Amino acid sequence: MALSNPKPTASQAAALALIARGGTYRWEHSGTWYIIAPDGTTMSKTTVNALVRRGWVEYGTLRGIKRPLTITEAGRQALPSATS
C-alpha cells in the first residue's frame, strides 16, 4: 500500500526525474545492490526505497543481475514539473 505524501523531498525529486528518463536499474550481485541511472549516477537505497513505498516507482522483473526501475503514474504526478 502506497503511503500518502504529496510532495517528494529534494533528493526524491532528483531521483524521480532520473527514473522518469528511463533506463534506471537495480544492479544486484552477491547480496549487494546499487541503483544506477543510465548516466552512471547512483542513487541512495533509502531514497529509492521511499519512492517504492510511496508508490512513485516500481521494480520490474529481474533480468540477470539487473532489475529495471520505472516511474508510475503517481510518480509522474509527484515530479516537480507536475506539482508546480
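Residues numbered from 1 in each chain as written. Predicted model: local features only at pLDDT ≥ 70, side-chain atom pairs only at ≥ 80, totals over all residues. Heavy atoms only, no water.

Enquirer: I'd like to hear about the pairing of strand E1 (residues 25-29), residue by residue, with values.
Expert: Sheet analysis places E1 next to strand E2 (residues 32-36), joined by five bridges and oriented antiparallel. Pairing of Tyr25 across the sheet is with Ile36, part of E2. The turn linking E1 back onto E2 is made up of two residues, and Ser30 within it adopts a positive phi angle of 50 degrees. (Pairing = 2+ DSSP bridges. Helix = DSSP H or I, 4+ residues; strand = E, 2+ residues; numbered from the N terminus.)

Enquirer: Describe in detail the packing of aromatic side chains, supporting the description with residues and values.
Expert: According to the stated counting rule, one finds one aromatic pair in the structure shown. Note that Lys66 overlies the ring of Tyr25, its terminal NZ or CZ placed 4.4 Å from the centroid. (Phe/Tyr/Trp six-rings, centres within 6.5 Å; stacked < 30°, edge-to-face > 60°. Lys NZ or Arg CZ within 6 Å of the ring centre and 35° of its normal.)

Enquirer: Talk me through helix H1 (residues 10-20); I want residue IDs and the actual numbers.
Expert: What H1 keeps buried is the set Gln12, Ala13, Ala15, Leu16, Leu18 and Ile19. Gly22 occupies a position one or two residues after H1 and carries a positive phi of about 90 degrees. (Buried < 20%, exposed > 50% of the residue type's maximum accessible area, 1.4 Å probe, protein only.)

Enquirer: I'd like a description of the sheet that holds strand E4 (residues 57-59), backed by residues and values.
Expert: Strand order in the open sheet formed by five strands is E3-E2-E1-E5-E4, with antiparallel pairing between adjacent strands. The open sheet has two edge strands, strand E3 (42-43) and E4, and neither has a second partner. Where E4 meets strand E5 (residues 66-71), three bridges bridge the pair, whose relative direction is antiparallel. Bridge pairing in E5 places Tyr59 opposite Leu69. Taken strand by strand, helix H2 (residues 45-53) contacts E2, E3, E4 and E5, and its axis lies near 100 degrees from that of E4. (Contact = heavy atoms within 4.5 Å. Axes fitted to C-alpha atoms, helices over the stretch in contact; angles between N-to-C directions.)

Enquirer: Give a detailed account of the environment of Ile35, specifying residues and quantitative values.
Expert: Tracing the backbone shows Ile35 in strand E2. For Ile35, a relative accessible area of 1% corresponds to the buried category. Apart from residues lying up to four places away in sequence, Ile35 is in contact with Thr24, Tyr25, Arg26, Thr41, Thr42, Met43, Val48, Tyr59 and Leu69.

Enquirer: Could you give me a rundown of the side chain of Arg26, with the residues and numbers involved?
Expert: One can find Arg26 in strand E1. Within the structure, Arg26 has its side chain in polar contact with the side chain of Glu28 (distance 3.4 Å). Discounting residues that sit within four places of it in the chain, Arg26 has contacts with Trp33, Tyr34, Ile35, Tyr59, Ile65, Lys66 and Arg67. (Polar contact = N/O pair within 3.5 Å; in protein donor to acceptor, adjacent residues only side chain to side chain.)

Enquirer: Quick rundown of the nonpolar core? Include the residues and the values.
Expert: Grouped together as the largest cluster of nonpolar side chains are 16 residues, with contacts concentrated most on Leu16, Ile19, Ile35, Met43, Leu51, Val57 and Leu69. Those elements that provide at least two residues to this core are H1, E2, H2 and E5. Looking at this core, the element that brings in the most residues is H1, giving four residues. (Core = buried A, V, L, I, M, F, W, Y, C linked by side-chain atoms within 4.5 Å.)

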